[in-house]
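Structural overview for review
Below, each chain spelled out in residue letters.
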Amino acid sequence: MSRRRGLVAGAVVLSFVLAGCSDVAASETSPSDTPSSSKTTTATPSSTPTPTVKPTPTAKPKPKVKQKPAYYALRVERQLDKLGYPVGDIDGDITARAKQALCAWRETNGLPVSRDGLTLTDAYSVLNATKRPTPTRSPGLYVNKTCQILYQIVGNTYKRIVWISTGAPGYDTPNRTGKVWRKWAGAHESSLYDDAYMYDSLYFLKDRPGIALHGSRVNSLIKPYPASHRCVRVMRPEIHQIFADTPIGTKVQIYGDF
C-alpha cells in the first residue's frame, strides 16, 4: 500500500517538473508576441548657444550740401580765362575785372546780362562749358557798355573778348551803329584834348569824326568803368591786333548802359 502511494507521488512530482521545463523552454525559444513596452531614449546632443548678432545700422546718406558760389570762384576764373574771357588775377577773388568777364559770359550764353558777382547759375554754366559759344550776330566789332567789353567777331567765332572803357559821365559814348571809315596806325595826339594820345585808331562815325576805338598811352587808363572822353579805349596790344584784322567798312556797334 505504502509502495503504491510513493509511486503516485513521484509521478505527480515528475509531471510538475516536466511542465515547468516545458514553460521555461517555451519562454526561452519562442519570441514574445507582445512588443516590449520599454522605450529607447535617444540622447539629444547638447547644443552650444549661438551668440546674438546685432544688425549693423545702415548709414543714412548725408544730404548733399549746396555750396555757395564762392566755393567755385577759383575754378570759374580758370575756366573763363581758358575760354578767352579776361578775368585779371586768377585767385578766387571775384573783382571788378572778373565781373566784366562774367557779364560777357552771360551775354554770349543767353543769360541775363549784369555786372553782378558770381552766382550758382554762372558757376554751373561756366564749369560745364567746353568751348566758346557761337555768335548769333554778323561779323564786326561790338561794344557792350554794360559789361565794358568789346567782342571781335570774325566769321562765326568770337576771335577776341577785350576790356574797354567808354565815355565817362558827361562824355557819354553814343549808342550807335556805324562802319570803320578811317584807320590811323600807331600813335597820334588827340585834336580835341591836350596830351591825350591815341594808338591804332579806328573811326566809325562820320557825323562824329572825333570818336574812335583806340589804345591809350598806358593800360591803366582802361578802367573797369566808363572813363574816356567819348572814345572807346581798348587794351593794348589787343587794339593793335584788332586794327590789323579790321578792314575799312567793318561794322561797329555800341549798345547798353553802365
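Description of the structure in this document. (Residues numbered from 1 in each chain as written. Predicted model: local features only at pLDDT ≥ 70, side-chain atom pairs only at ≥ 80, totals over all residues. Heavy atoms only, no water.)

The secondary structure content of the protein chain amounts to five helices and nine strands. In the protein chain, the order of α-helices and β-strands from amino to carboxyl end is α-α-α-α-β-β-β-β-β-β-β-β-α-β. Expressed as a percentage of its 258 residues, the buried residues of the protein chain come to 35%. Across the protein chain, the fraction of contacts at a sequence separation of at least 24, relative to all contacts at a separation of at least 6, is 56%. Accessible surface, the protein chain: about 16400 Å² in total, of which carbon and sulfur atoms supply 56%. (Helix = DSSP H or I, 4+ residues; strand = E, 2+ residues; numbered from the N terminus. Buried < 20%, exposed > 50% of the residue type's maximum accessible area, 1.4 Å probe, protein only. Contact = heavy atoms within 4.5 Å. Areas by Shrake-Rupley, 256 points an atom, 1.4 Å probe, with all protein chains shown as cover.)

With that settled, consider helix α3 (residues 96–108). Taking 1.5 Å as the rise per residue, α3 with 13 residues should run 18 Å; its terminal C-alpha atoms sit 19 Å apart, in good agreement. Taking burial as the measure, the 13 residues of α3 include eleven buried ones, the bulk of the element. Where α3 is concerned, the buried positions are Arg-97, Ala-98, Gln-100, Ala-101, Leu-102, Cys-103, Ala-104, Trp-105, Arg-106, Glu-107 and Thr-108. Next to the buried residues of α3 lie α2 (73–82), α4 (120–127), β1 (140–144), β2 (149–154), β3 (157–165) and β9 (251–255). Looking one or two places after α3, you find Gly-110, whose phi comes out positive at around 75°. (Expected span 1.5 Å × (residues − 1).)

Moving on: the environment of Pro-174. Assignment of secondary structure puts Pro-174 in the loop between β3 and β4 (177–179). Looking at Pro-174, the relative accessible area reads 16%, which means it is buried. In this structure the C-alpha to C-alpha distance between Pro-174 and Ile-254, which are 80 residues apart in sequence, comes to 7.1 Å.

Bringing the nonpolar core into the picture now. Ranked by size, the top nonpolar core spans 48 residues in total, and within it Val-76, Leu-80, Tyr-85, Leu-150, Tyr-151, Leu-213 and Val-234 carry the most contacts. Ranked by residue count, the leading element in this core is α3, at six residues. With residues near it in sequence (within four places) discarded, Leu-213 still touches Leu-141, Val-143, Leu-150, Asp-200, Ser-201, Leu-202, Phe-204, Val-232, Val-234, Ile-239 and Val-252. (Core = buried A, V, L, I, M, F, W, Y, C linked by side-chain atoms within 4.5 Å.)

The next subject is the state of the cysteines. Inspection of the entire model under this criterion finds one disulfide. Each disulfide pairs two cysteine sulfurs, and for Cys-103 the partner residue is Cys-147, the sulfurs being separated by 1.9 Å. Judged by the torsion about the S-S bond (-70°), the Cys-103/Cys-147 disulfide is left-handed. One end of the pair, Cys-103, is in helix α3; the other, Cys-147, is in the loop between β1 and β2, and 44 residues separate them in sequence. The class of Cys-103 is buried, set by a relative accessible area of 0%. Look at Cys-147 and you get buried, because its relative accessible area is 0%. (Disulfide = S-S within 2.5 Å.)

Let's shift gears to the packing of aromatic side chains. Aromatic rings in a pair are described by how distant their centres are and how their planes are angled relative to each other. One pass over the full model with this rule turns up five aromatic pairs. Ring geometry for Tyr-85 against Trp-105: centres 5.2 Å apart, planes inclined by 70°, an arrangement best described as edge-to-face. On the criterion of sequence distance, the pair formed by Tyr-85 in the loop between α2 and α3 and Trp-105 in helix α3 is long-range, its members being 20 residues apart. Taken together, a centroid distance of 5.6 Å and an interplanar angle of 55° make the contact between Tyr-151 and Tyr-158 tilted. Residue Tyr-151 shares its accessibility class with Tyr-158, and that shared class is buried. Over the ring of Phe-258 we find Arg-115; its NZ or CZ atom is 3.7 Å from the centre of that ring. Lying across the ring of Phe-243, Lys-183 places its NZ or CZ 4.5 Å from the centre. (Phe/Tyr/Trp six-rings, centres within 6.5 Å; stacked < 30°, edge-to-face > 60°. Lys NZ or Arg CZ within 6 Å of the ring centre and 35° of its normal.)

We now examine the pairing of strand β7 (residues 212–215). Remember that side chains alternate between the two faces of the sheet whenever the strand is regular. Here β7 shows a buried face lined by Ala-212 and His-214 and a second buried face lined by Leu-213 and Gly-215. In this structure, strand β6 (residues 197–203) lies alongside β7, joined through three bridges in antiparallel fashion. Each residue of the ladder has a partner; that of Leu-202, found in β7, is Leu-213. In this sheet, strand β8 (residues 232–234) lies alongside β7 in parallel orientation, the contact comprising two bridges. Bridge pairing in β8 places His-214 opposite Arg-233. (Pairing = 2+ DSSP bridges.)

Quick look at the sheet that holds β1 now. Here nine strands make up an open sheet; going across it, the order is β4-β9-β1-β2-β3-β8-β7-β6-β5 and the pairing mixed. Here the strands that pair on one side only, and so sit at the sheet edges, are β4 and β5 (182–189). Strand-to-strand, the axes of this sheet are offset by a mean angle of 25°, without reference to chain direction. As paired elements, β3 and β8 share two bridges and run antiparallel to each other. Residue Ile-164 lies in a different strand from β8, and its bridge partner there is Val-234. (Axes fitted to C-alpha atoms, helices over the stretch in contact; angles between N-to-C directions.)

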